[in-house]
Amino acid sequence: MTEAINNQGPADFGNVAVLVPCYNEAVTIAKVIDDFHRELPGATVWVYDNNSSDGTAAIAAEHGAKVVRERRQGKGNVVRQMLRDIDADYYVMVDGDDTYPAEAAASLIAPLASGEADMVVGDRLSNGTYGEENDRAFHGFGNDLVRVLIKWIYGFEFSDVMTGYRAFNRVFAKTMPVLSPGFEIETELSIHAVDKGWRIWEVPIDYRDRPEGSESKLSTFSDGAKVLRMIMSLFKDYRPMALFGWLSLIFVVLGLAFGIPVVAEFASTGLVPRLPTALLAAVLVLVGLLSLVCGLVLDTVVKGSRKNYELQVIEAYERYCR
């Protein structure tokens, strides 16, 4: 791998690709590109224009970015294509809305270049700047909710799980299976990194709210619901035994709650006067046992997938890191 980048002195960032997914960011895109060209001399800034109607692509080209049009709408679709198309040693993913400081980019790259991390997260929350600058209701609450769910489900605590400012190395990028089409991509990247045992660093950054005239494309409730669905879907895909084990326990407990009084009454009288309740209890217990079997089967499948993924990662290291 490339030697560690010295963040205190001049460096050539020619092995770095700056990924900027864009949709109608004409107000801010020029500054974003200029800032990253200044902070990462030699780096290539890639702007993937996602059907903008305000001239974003033309402005980006004028300021020296490599511009590619991505017709499939949604940030996840854009990031998927970026990772397929672009080859670099290190990738910096940033939004085109000028809310993330380019001055922090070298700090995000440094742990990758020194071989201490595979994904570095730009943490907006630890220093309080996100809470001070962000004026959109429920965004902070949504971030905290997702963080709590990930800690509960996966056992890893992020300081900021939904930040759009990240850096990752080539092996991580080329083995990342992007499934989400939209703004769930940040959550997917985070959960994938935790589940697959990648080395994760967090670097506190200063966050600034969008400048006047720039509008957020994120819908608090609809996109928040998509993120929650993504978490549950990945929970099913990555930790099926945990999910179906809990479901099994719930159904069996409910079945016993309904069934024990019926059994007690039968033991004392020899009669089953509440036949519907007895049938409900039997069905609940049966569903619980079926859930347990599903969890065991899917857990075996997931373990096989993990083994195959690890072999793919080894192949990627041999291909990209020699």
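Look above for the structure.
Bear in mind the structure is a predicted one, so any value in this text is a computation, not a measurement. (Residues numbered from 1 in each chain as written. Predicted model: local features only at pLDDT ≥ 70, side-chain atom pairs only at ≥ 80, totals over all residues. Heavy atoms only, no water.)

Draft legend 1. A look at the environment of G96. Tracing the chain through its elements places G96 in the loop between β4 (90-93) and α4 (105-113). You can call G96 buried: its relative accessible area is 2%. Each C-alpha atom of the pair G96 and A30 lies 9.0 Å from the other, and the pair is 66 residues apart in sequence. What G96 contacts, discounting residues up to four positions off in sequence, is V20, P21, C22, E25, T28, I29 and V32. (Helix = DSSP H or I, 4+ residues; strand = E, 2+ residues; numbered from the N terminus. Buried < 20%, exposed > 50% of the residue type's maximum accessible area, 1.4 Å probe, protein only. Contact = heavy atoms within 4.5 Å.)

Draft legend 2. How the structure looks around the side chain of K75. On the secondary structure map, K75 appears in helix α3 (residues 75-85). Judged by its relative accessible area of 10%, K75 falls in the buried class. Not counting residues up to four positions away in its chain, the partners in contact with K75 are P21, D95, G164, P181, G182, F183, I185 and E186.

Draft legend 3. Quick peek at the nonpolar core. Ranked by size, the top nonpolar core spans 45 residues in total, and within it M119 and Y154 carry the most contacts. When neighbours within four sequence positions are excluded, M119 is seen to be in contact with L112, F158, R166, A167, F168, F172, L189, S190, A193, R199, I200 and W201. Of all hydrophobic cores here, the second largest spans 35 residues; its members include V16, A60, A102 and I205. (Core = buried A, V, L, I, M, F, W, Y, C linked by side-chain atoms within 4.5 Å.)

Draft legend 4. Looking closely at the pairing of β4. Neither face of β4 is open: one carries Y90 and V92, the other Y91 and M93, and all of them are buried. Pairing between strand β1 (residues 16-22) and β4: four bridges, direction parallel. Looking at β4, one finds that A17 is bridged to Y91. Here four bridges tie β4 to strand β6 (residues 166-169), and the two strands are oriented antiparallel to one another. (Pairing = 2+ DSSP bridges.)

Draft legend 5. The sheet that holds β6, seen in detail. Taking strand neighbours across the sheet as the criterion, the seven strands line up as β3-β2-β1-β4-β6-β5-β7 in an open arrangement whose pairing is mixed. Each end of this open sheet is capped by a strand with a single partner; those strands are β3 (66-69) and β7 (200-204). Shown here is a sheet whose adjacent strand axes are inclined to one another by a mean of 20 degrees, direction ignored. Note: strand β5 (residues 119-123) against β6, three bridges, orientation antiparallel. Opposite V121, over in β6, you have R166 as the bridge partner. Of the strands in this sheet, β1, β2 (44-49) and β4 touch helix α1 (residues 29-39), which is tilted by about 160 degrees from β2. Set on the sheet, α3 makes contact with β1, β2, β4 and β6; between it and β1 the angle comes to about 155 degrees. (Axes fitted to C-alpha atoms, helices over the stretch in contact; angles between N-to-C directions.)

These figures come from the coordinates and say nothing about function on their own.
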